[in-house]
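Take a look at the letters that make up each chain.
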Amino acid sequence: EETAPDLVPAEITKDESTPSRSFKGLVSATEIPVEKPLVPAVRKGYRFRYGVPNFKYPLVKKVKLHDPKRRLKRFGPPEEDFPRTPKEMGEDVLDFLQRRDMWRRRAHLDIPYFCTGSYLAVTQSDPYHPNGVIRTVGICISIRNSLLGTVFTLRNHIQGQSFEKKFELYCPFIHQIEVLKLERRRRSKLYYLRKMAPKFYTVKEDMKPVPLSPEYAGTSYFTVPIHNKKAK
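Residues numbered from 1 in each chain as written. Predicted model: local features only at pLDDT ≥ 70, side-chain atom pairs only at ≥ 80, totals over all residues. Heavy atoms only, no water.

Novice: Explanation requested: the pairing of strand S8 (residues 161–168) in the structure shown.
Specialist: Remember that side chains alternate between the two faces of the sheet whenever the strand is regular. Relative to S8, strand S7 (residues 151–158) runs antiparallel, the two being bridged by 8 bridges. By the bridge assignment for S8, Leu154 is matched with Lys165. If you look at the hairpin formed by S7 and S8, you'll find 2 residues sitting between the two strands, and Gln159 has a positive phi there, around 55°. (Pairing = 2+ DSSP bridges. Helix = DSSP H or I, 4+ residues; strand = E, 2+ residues; numbered from the N terminus.)

This is the structure in structure tokens:
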């Protein structure tokens, strides 16, 4: 028995003499020309957008993670001569100027290592204070790393009032930064303390520095002891 061929619309045959939405009738599927799939030309060094190379926006050069020129972290450059040009440093002009100011500021201010959850005491100048300086004590609940604009926040509860105060790490008004107790939490931001009782973030103003035990010696993040007490 003969079977009827598959019938499909005639517009698929790419006939230019008729509109694309018109039909000349029904033809056999064996008469439809098979076109080869389009293979886009691939150029090296360009981004792909939806699987197609986007030649308008070239790919950004990847930077080596272990490049010695990019070893400057949030606490400033190492103690050595600062590069003289952005090209020598391997950074753009804006980052070069910010890191240079950070390096010059660290020559006058000793910035110790601390992380979120540490107890700090910051002494800064205040023209409205009788002594000209004011000392703020609290627990560090957040650190926002932004080169020269790095900001950390202290929270405390004094005389029945809870407060938070932000400090710019490289502000020229800061005279001294003391680490009263070096420890870290399991979160990078301790905003949950705002809803907790004051006993979980109260730091005494006359608190004395707590020395680290020998097993936690060093300035690495993983060598800092973790605060294990649960806040409920």
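Novice: Hey, could you run me through the confidence of the model for the protein chain in this one?
Specialist: When the pLDDT values of the protein chain are averaged, the result is 74; 61% of them are 70 or greater. Looking over the protein chain, one finds the lowest element-wise mean pLDDT in strand S3 (residues 46–49), namely 44, and the highest in S7, namely 96. Segment residues 6–16: pLDDT under 50, and 22 contacts once partners within four positions in sequence are set aside and those in other chains are kept. Within the model, pLDDT remains below 50 along residues 18–29, and this stretch shows 21 contacts once partners closer than five positions in the same chain are excluded. (pLDDT = per-residue confidence, 0-100. Contact = heavy atoms within 4.5 Å.)

Novice: How do you make sense of the nonpolar core when you look at a structure like this?
Specialist: One recurring pattern in soluble globular proteins: nonpolar side chains tend to sit buried together. One finds Phe114, Cys140, Phe152, Leu154, Leu169 and Ile174 to be the most contacted residues of the largest nonpolar core, which totals 19 residues. Looking at this core, the elements with two or more residues in it are strand S5 (119–125), strand S6 (133–144), S7 and strand S9 (174–181). (Core = buried A, V, L, I, M, F, W, Y, C linked by side-chain atoms within 4.5 Å. Buried < 20%, exposed > 50% of the residue type's maximum accessible area, 1.4 Å probe, protein only.)

Novice: Quick question: what am I supposed to make of the sheet that holds S5 here?
Specialist: Spatially, S8-S7-S6-S5-S9 is the arrangement adopted by the 5 strands of the open sheet, whose pairing is antiparallel. Sheet topology places S8 and S9 at the edges, where each strand pairs with a single neighbour. Strand-to-strand twist in this sheet, taken as the mean axis angle between neighbours without regard to direction, amounts to 35°. Where S6 meets S7, 5 bridges bridge the pair, whose relative direction is antiparallel. Note that in S7 the partner of Ile139 across the bridge is Arg155. (Axes fitted to C-alpha atoms, helices over the stretch in contact; angles between N-to-C directions.)

Novice: Explain the side chain of Thr136 here, please?
Specialist: Relative to the helices and strands, Thr136 is located in strand S6. With residues near it in sequence (within four places) discarded, Thr136 still touches Leu120, Ala121, Val122, Leu154, Phe163, Lys165 and Phe167.

Novice: Where do I start with the pattern of salt bridges in this structure?
Specialist: Between side chains of opposite charge, a pair can form when the charged atoms approach closely. By the definition in use, this model includes 4 salt bridges. Glu178 is the salt-bridge partner of Arg135, the closest N and O atoms lying 3.5 Å from each other. In this pair, Arg135 is assigned in strand S6 and Glu178 in strand S9, connecting sequence segments 43 residues apart. Three or more residues joined by partner-sharing salt bridges are found here, namely Arg155, Glu164 and Arg194. (Salt bridge = Lys/Arg side-chain N within 4 Å of Asp/Glu carboxyl O.)

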